[in-house]
Amino acid sequence: MSEPQSGPVTDALRNADILIVGGGLSGAMLAAQLLRLPGKRSVLVIEPRAELGRGEAYSAVELGHTLNGNAARMSVDPDNADDLTQWLTEFIAAGGWPESDEQHVPVSELFPPRGLFGIYVQQRLAQAQAVGALNGSTVEHVRAEVVDLQMLDDSVRLTLSDGQRLQGTYAVLATGMFPAARTPQTESSGLNAAALDPWDVAAMRQLDPQSTVLIIGSGLTMVDAVVSLEQAGHRGPIEVFSRHGLLPHVRRQPPAWADFLAEDPSIRTPRQLVRELRRHCRDAIAQGIDWQAPLDTVRAHIGRLWNQATDVQRRQFVRHVRPWWESHHHRSPPLSAELVARLHGEGRLRIQAASFKGLEPSSGSEVSIRIRRRGEAETVVFSGAALINSSGIEYDWRRVARPLPQQLLARGLVRPGPLALGISAEVDGAVVGVDGQVASRLFAMGPPLRGMWWESTAVTDVASQAKALAARLVTGG
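Residues numbered from 1 in each chain as written. Predicted model: local features only at pLDDT ≥ 70, side-chain atom pairs only at ≥ 80, totals over all residues. Heavy atoms only, no water.

- An unreviewed UniProt entry lists the protein under the name Pyridine nucleotide-disulfide oxidoreductase, with Pseudomonas silesiensis given as the organism.

## Side note on the overall build of the protein
Line of reasoning, step 1. When helices and strands are counted, the protein shows 15 helices and 15 strands.
Line of reasoning, step 2. For a compact globule of 477 residues, the expected C-alpha radius of gyration is about 23 Å, and the protein comes in at 23 Å, within 12% of that figure.
Line of reasoning, step 3. For the protein, the spread of C-alpha atoms along the three principal axes comes to 60 × 55 × 55 Å.
Line of reasoning, step 4. Of the roughly 20,700 Å² of accessible surface on the protein, a fraction of 50% belongs to carbon and sulfur atoms.
Line of reasoning, step 5. Computed over 48 positive and 51 negative side-chain charges, the inter-centroid distance for the protein is 5 Å. (Helix = DSSP H or I, 4+ residues; strand = E, 2+ residues; numbered from the N terminus. Rg over C-alpha atoms; globule rule 2.2 N^0.38 Å. Areas by Shrake-Rupley, 256 points an atom, 1.4 Å probe, with all protein chains shown as cover. Lys, Arg positive; Asp, Glu negative; His and termini not counted. Charge placed at Lys NZ, Arg CZ, Asp CG, Glu CD.)

## Points about the domain arrangement of the protein
Line of reasoning, step 1. We note that the domain assignment places domain 1 (14-65 + 113-180 + 395-476), domain 2 (191-247 + 331-391) and domain 3 (260-318) within the protein.
Line of reasoning, step 2. The centre of domain 2, based on its C-alpha atoms, is set 32 Å off from the matching centre of domain 3. (Domains from an automatic or database assignment.)

## Re the pattern of salt bridges
Line of reasoning, step 1. The final tally for this structure, using the stated rule, is 29 salt bridges.
Line of reasoning, step 2. Across the salt bridge formed by E239 and R350, the nearest N and O atoms sit 2.9 Å from each other. Taken together, the positions of E239 in strand β9 (residues 238-242) and R350 in strand β10 (residues 349-360) put the pair 111 residues apart, joining distant regions of the chain.
Line of reasoning, step 3. A relative accessible area of 40% places R350 in the partly exposed class.
Line of reasoning, step 4. With a closest N to O distance of 3.4 Å, R279 and D283 form a salt bridge. Of this pair, R279 and D283 are both found in helix α8 (residues 270-286), four residues apart, which corresponds to roughly one turn of the helix.
Line of reasoning, step 5. R279 gets classed as partly exposed once you look at its relative accessible area, which sits at 36%.
Line of reasoning, step 6. Ionic contacts of the salt-bridge type, sharing partners, join the residues E47, R49, E56, R182 and D197 into one network. (Salt bridge = Lys/Arg side-chain N within 4 Å of Asp/Glu carboxyl O. Buried < 20%, exposed > 50% of the residue type's maximum accessible area, 1.4 Å probe, protein only.)

## Comments concerning the packing of aromatic side chains
Line of reasoning, step 1. Taken as a whole and judged by the stated rule, the model has 11 aromatic pairs.
Line of reasoning, step 2. Grouped by ring-pair contacts, the aromatic residues Y58, W87, F91, F117 and Y120 constitute a single cluster.
Line of reasoning, step 3. Directly above the ring of Y395 sits R450, whose terminal nitrogen or CZ lies 4.6 Å from the centroid. (Phe/Tyr/Trp six-rings, centres within 6.5 Å; stacked < 30°, edge-to-face > 60°. Lys NZ or Arg CZ within 6 Å of the ring centre and 35° of its normal.)

## Brief notes about the side chain of S368
Line of reasoning, step 1. Positionally, S368 belongs in strand β11 (residues 367-373).
Line of reasoning, step 2. Only 2.5 Å separates the side chain of S368 from the side chain of S383, close enough to count as a polar contact.
Line of reasoning, step 3. Apart from the residues lying within four places of it in its own chain, the contact partners of S368 are L359, E360, P361, S362, V381, F382 and S383. (Polar contact = N/O pair within 3.5 Å; in protein donor to acceptor, adjacent residues only side chain to side chain. Contact = heavy atoms within 4.5 Å.)

## Regarding the packing of helix α1 (residues 25-36) against helix α3 (residues 114-134)
Line of reasoning, step 1. At a minimum axis distance of 8 Å, the contact between α1 and α3 shows a crossing angle of 25°. Between α1 and α3, the crossing angle belongs to the class labelled roughly parallel. By crossing handedness, the relation of α1 to α3 is classed as left-handed. Of the residues in α3, those touching α1 at L25, A28, M29, A31, A32, L35 and R36 are F117, V121, R124, L125, A128, Q129, V131 and G132.
Line of reasoning, step 2. Of the residues that constitute the contact of α1 with α3, the class distribution is 11 nonpolar, two polar and two charged. (Axes fitted to C-alpha atoms, helices over the stretch in contact; angles between N-to-C directions. Parallel < 35°, antiparallel > 145°, perpendicular 65-115°, else oblique. Left-handed = near helix turned anticlockwise from the far one by under 90°. Nonpolar A, V, L, I, M, F, W, Y, C, P; charged D, E, K, R; others polar.)

Here it is in structure tokens:
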């Protein structure tokens, strides 16, 4: 891969066959798939970070921030489910990952650090680059942020934060996730300005180790924040507030279970899915089998079920089922779950079902928040030495105060997806504008398609989308 380009600003217009907006997992995997296909093409990946393939999720450097799925579930090769397992086996044999207590288990069951997964993605991209070079194909990292996008008759033009202008036959929105903790909001509560980054261990080391820390949200970002605090040497109370007070379950390695959704095509709605899934989980428990076994068979069918559901059915799912779905389906890696359980058992970590109602004035270096406990009318104030926003991912592009999402919405080039989750698109990723017109040169993949497929962020989802979209872009049909 060529070195990132961020030289002096010029008025020159740079051309490429395909422009990829975002160079995290989504952008890197799409570039890799394009490089592997026959034919000669030029690809520009526009990403402000110094490295491709990491994005928000895999830029973590602490060993304690691990994948929330084991190696067998995290292959970036849609044609080889064992690709990460094979890579890890070679990496460990070469001494690249120091021995740990976890490594007495099979490699396929390891939960590697996310930073290490980023190296894996980068190496697979480098291998694809070597394949592409045989055909004269290139990928180049342009280190900048895309601040505007214009659709022309025969191309797409991007304007970058450094003034560069790029033009391509196609453009792909591979913008990845917008973590609430790191994303400026159009309707700001001031929360992020007052909060610590959940992954900033260095900043947490500046806290009094015995001080109280407040956390908003109880999902996987909260788990990461607790790991960060532990690695920073924090030993004080941790107060967690979330609307439903649910913690992610620990991810286990259950035995195989019959794919009941494939066997029964009459299950077509979210309500039918939940009812049948509960029945299978009860059956599994009655047989002495982990309830996670039936749940894990559902993954392959989520996109189909969600896509064919009506908006009313989707809204019912989000309103009534989503919190429990998230805590059961998006499970915590074992070591992180053990830490949270231990702190909870010791009484150091408390979780309350409560809604965040805003910041409160506070004296000195403390931060204060107002919350309302579930089922209560009155609000109360909690104070601590630090506040962490662990409320997850912002999928509503209307709330993201970043130049490109705002410009795309303002120009009508994109419209919110179902339930305002991500943006609207066709099955092949072609973006749908506010006028209902399907773009012929603008596509999206990964997290921006959350509203289309519900689960559109996992590694296997992104890998499959990258393969299909690459073929679509190359054939033009």
